[in-house]
Amino acid sequence: MASRKRRQEAILARIRAGNGATSWSDVQSLLLSVGAERHEREGSRVVFVLGDHVLHAHQVHARRDCGVALISRVRAFLLKAGVL
């Protein structure tokens, strides 16, 4: 359990720093670990809901790392939801 918490904290630190070299699976894992619900939409669209806050995203396919723009939106989502 402690290693999982440390891993989530490391992912959170990369998102705080705006690091675009964060994998999609790490972003998903972090969002789910803070209590967000994941809903699949058409195509590669995914919606995460945390309380009253919603994040719309496109699942990363070709390259595994998220772009800086997506990381910035995830950071804003976590700030609004009170996680950061």
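This text follows the structure it describes.
The rules behind these values
Residues numbered from 1 in each chain as written. Predicted model: local features only at pLDDT ≥ 70, side-chain atom pairs only at ≥ 80, totals over all residues. Heavy atoms only, no water. Core = buried A, V, L, I, M, F, W, Y, C linked by side-chain atoms within 4.5 Å. Buried < 20%, exposed > 50% of the residue type's maximum accessible area, 1.4 Å probe, protein only. Helix = DSSP H or I, 4+ residues; strand = E, 2+ residues; numbered from the N terminus. Contact = heavy atoms within 4.5 Å. Pairing = 2+ DSSP bridges. Axes fitted to C-alpha atoms, helices over the stretch in contact; angles between N-to-C directions. Polar contact = N/O pair within 3.5 Å; in protein donor to acceptor, adjacent residues only side chain to side chain.

What follows concerns the nonpolar core. With 20 residues, the main nonpolar core has Ile-15, Trp-24, Leu-31, Phe-48, Val-74 and Leu-78 as its most contacted residues. Here the element with the most residues in this core is helix H3 (residues 68–80); it accounts for five residues. Once residues lying within four places of it in the same chain are set aside, the contact partners of Val-74 are Ile-15, Val-27, Leu-31 and Leu-55.

With antiparallel pairing, the three strands of this open sheet are ordered in space as S1-S2-S3. Of all strands in the sheet, those with a lone pairing partner are strand S1 (37–40) and strand S3 (53–58), marking the two edges. Pairs of neighbouring strands in the sheet enclose a mean axial angle of 25°, with direction left out of account. Here S1 pairs with strand S2 (residues 45–50) via four bridges, running antiparallel. Along S2, the bridge assignment pairs Glu-37 with Val-49. Strands S1, S2 and S3 of the sheet are contacted by helix H2 (residues 24–33), whose axis makes an angle of about 30° with S2. Taken strand by strand, H3 contacts S2 and S3, and its axis lies near 165° from that of S3.

Turning our attention to the side chain of Ser-23. Residue position: Ser-23 is located in the loop between helix H1 (2–16) and H2. On the accessibility criterion, Ser-23 (14% relative accessible area) is buried. Engagement of the side chain of Ser-23 in a polar contact is seen with the side chain of Ser-25, the distance being 3.2 Å. Setting aside its immediate chain neighbours within four residues, Ser-23 contacts Arg-64, Asp-65 and Cys-66.

With that out of the way, let us pick up the environment of Arg-38. One can find Arg-38 in strand S1. The exposure class assigned to Arg-38 is partly exposed, which follows from its relative accessible area of 27%. With 45 residues separating them in the primary sequence, Arg-38 and Val-83 have C-alpha atoms 17 Å apart. Among residues more than four places away in sequence, those in contact with Arg-38 are Gln-28, Leu-32, Val-46, Val-47, Phe-48 and Gln-59. A polar atom in the side chain of Arg-38 sits 3.2 Å from the side chain of Gln-59.

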